[in-house]
Amino acid sequence: QDLLRKNKASRAIIEQRRRLLDEWLAWREQVEEELHDEVAAGLPDIAEVVDDGKNEVIE
Amino acid sequence: MRPILLSGHERALTQVKYTRDGDIIFSVSKDHIVCAWYSANGERLGTYHGHQGALWTVDIDPTTTLLASGGADNTIRLWDVKTGKLLKTWDFGSSIKRVEFSPDGTQLLGVTEKRVGHVSSIVVYDIKQDVEAEQSSEHALRIVVDESKATVAGFSYGAKYIIAGHEDGSVSQFDAKTGELLDTFQAHEPDFSVTDLQWSPDRTYFITASKDKTAKLISASDLALLKTYVTDTPLNSAALTPVKDFVILGGGQAAMDVTTTSARQGKFEARIFHKIFEEEIGRVRGHFGPLNYVAVSPDGKSYCSGGEDGYVRVHHFDRPYFDFLFEVERERANI
């Protein structure tokens, strides 16, 4: 059994985490936009393949 | 998170993989055999016999039609998942360290080992996703790796790049159409091999594991270093979890590298880190030897590990795992 450690943190650490989370979300947004543009320009879209897989499960 | 023990292999596990919908796990071992298991209950549903040596690698195409395997008998083999029929054998001059299908399943890459008289290479074959079709014997692309030999490789989003990890701790980015080397990055300590490379669901970034005791999160388009996870043991494998922003790392000191071997000293635990904050948040014990591979179900509901001890352990995540959030994540979720 895995024990998830208690999440105690000082104010400074919380600020740091907030910054890291914001940075990550901003990076993801940028990457997803770029990927969207590349797919629009003709690059094969993985999301489609992934969705197809999910549809198969449902049937 | 009670584990299911998959026992059936007679020697060390080398790689474990889930199918796209997560219901079947394929495992390969030094015992020459590919096994298929139901991830839900651990029941073995089939084996694939034919290889004449230790197996290092396995992959399943996104439609769960074709299975590829490779190993020390210097062959890549392609199998019909459903019937277990061997469909194609590609022969090489040295062993196969890694196979991986492209995201859409229309290509298969293999990493060949460097050996006297044989260069390290990455070969790519065009694949017909049809068990009745005749597969091509000729590779569509062959990349000769002149510098440090390749240990692992895979296709990025849209099969735009092939990313490889090397024995000298570097990663490299190739144009997947032409094979041209575009970029390299010294991701890990020199002389510490890259042991694993696994993708994010959209394949825009990946995680590498290394004997230098770290795992790194790297962007596929520019090889930018995003995150570093520091542990106290050589790593053999690193996986990304969908649904939650976690990474799961596996490794451990090999028996021959420690004077007195015990589970404690060997550090045979899967470690869970927060992907964004780089903090360790949990460990999962169980194996009696190093973890050679960790894989996460594409639906994010379970993970499995293949051990040097010959077992696969499947862990279905429970409620606390999914509920776990750092305060700042909870804040974000509530906005």
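Residues numbered from 1 in each chain as written. Chains lettered and ligands numbered in written order. Predicted model: local features only at pLDDT ≥ 70, side-chain atom pairs only at ≥ 80, totals over all residues. Heavy atoms only, no water.

A. Highlighting the nonpolar core. The biggest cluster of nonpolar side chains holds 38 residues, and the ones touching the most others in it are Ile207, Tyr229, Ile248 and Leu249 of chain B. Every element with two or more residues in this core is listed here: α1 (11-40) of chain A together with β19 (205-210), β20 (214-219), β22 (235-240), β23 (246-251), β24 (270-274), β25 (280-284) and β26 (291-296) of chain B. Ranked by the residues each element gives to this core, the list is headed by α1 of chain A, at six residues. Discounting residues that sit within four places of it in the chain, isoleucine 207 of chain B has contacts with Asp196, Leu197, Gln198, Ala215, Lys216, Leu217, Tyr229, Ala238, Ala239, Leu240, Val247 and Leu249 of chain B. Leu35 of chain A together with Tyr161, Val194 and Ile218 of chain B belong to the second-largest nonpolar core, a separate cluster that totals 16 residues. (Core = buried A, V, L, I, M, F, W, Y, C linked by side-chain atoms within 4.5 Å. Buried < 20%, exposed > 50% of the residue type's maximum accessible area, 1.4 Å probe, protein only. Helix = DSSP H or I, 4+ residues; strand = E, 2+ residues; numbered from the N terminus. Contact = heavy atoms within 4.5 Å.)

B. Local environment of the interface of chain A and chain B. On the chain B side, the residues contacting the 25 residues of chain A number 39 residues. Taken over both partners, the interface formed by chain A and chain B buries close to 3100 Å², and the fraction arising from carbon and sulfur atoms is 62%. Taken together, the connections running from chain A to chain B amount to five salt bridges. Summed over the shared surface of chain A and chain B, the result is seven residue pairs in polar contact (both at pLDDT 80 or more). Here the side of chain A that touches chain B takes 13 residues from α1 of chain A, the largest share from any one element. For the side of chain A that touches chain B, a count of residues per class yields 16 nonpolar, two polar and seven charged. (Buried area = accessible area lost by both parts, 1.4 Å probe. Salt bridge = Lys/Arg side-chain N within 4 Å of Asp/Glu carboxyl O. Polar contact = N/O pair within 3.5 Å; in protein donor to acceptor, adjacent residues only side chain to side chain. Nonpolar A, V, L, I, M, F, W, Y, C, P; charged D, E, K, R; others polar.)

C. Representation of the sheet that holds β22 of chain B within the structure. All names here are of chain B. The four strands are arranged β22-β23-β24-β25 in an open sheet whose pairing can be described as antiparallel. The open sheet has two free edges, formed respectively by β22 and β25, since each of these has just one partner strand. In this sheet, adjacent strand axes meet at a mean angle of 20 degrees when their direction is disregarded. Bridge analysis of β22 against β23 gives five bridges, and the strand direction is antiparallel. Note on β23: the bridge partner recorded for leucine 235 is glycine 251. (Pairing = 2+ DSSP bridges. Axes fitted to C-alpha atoms, helices over the stretch in contact; angles between N-to-C directions.)

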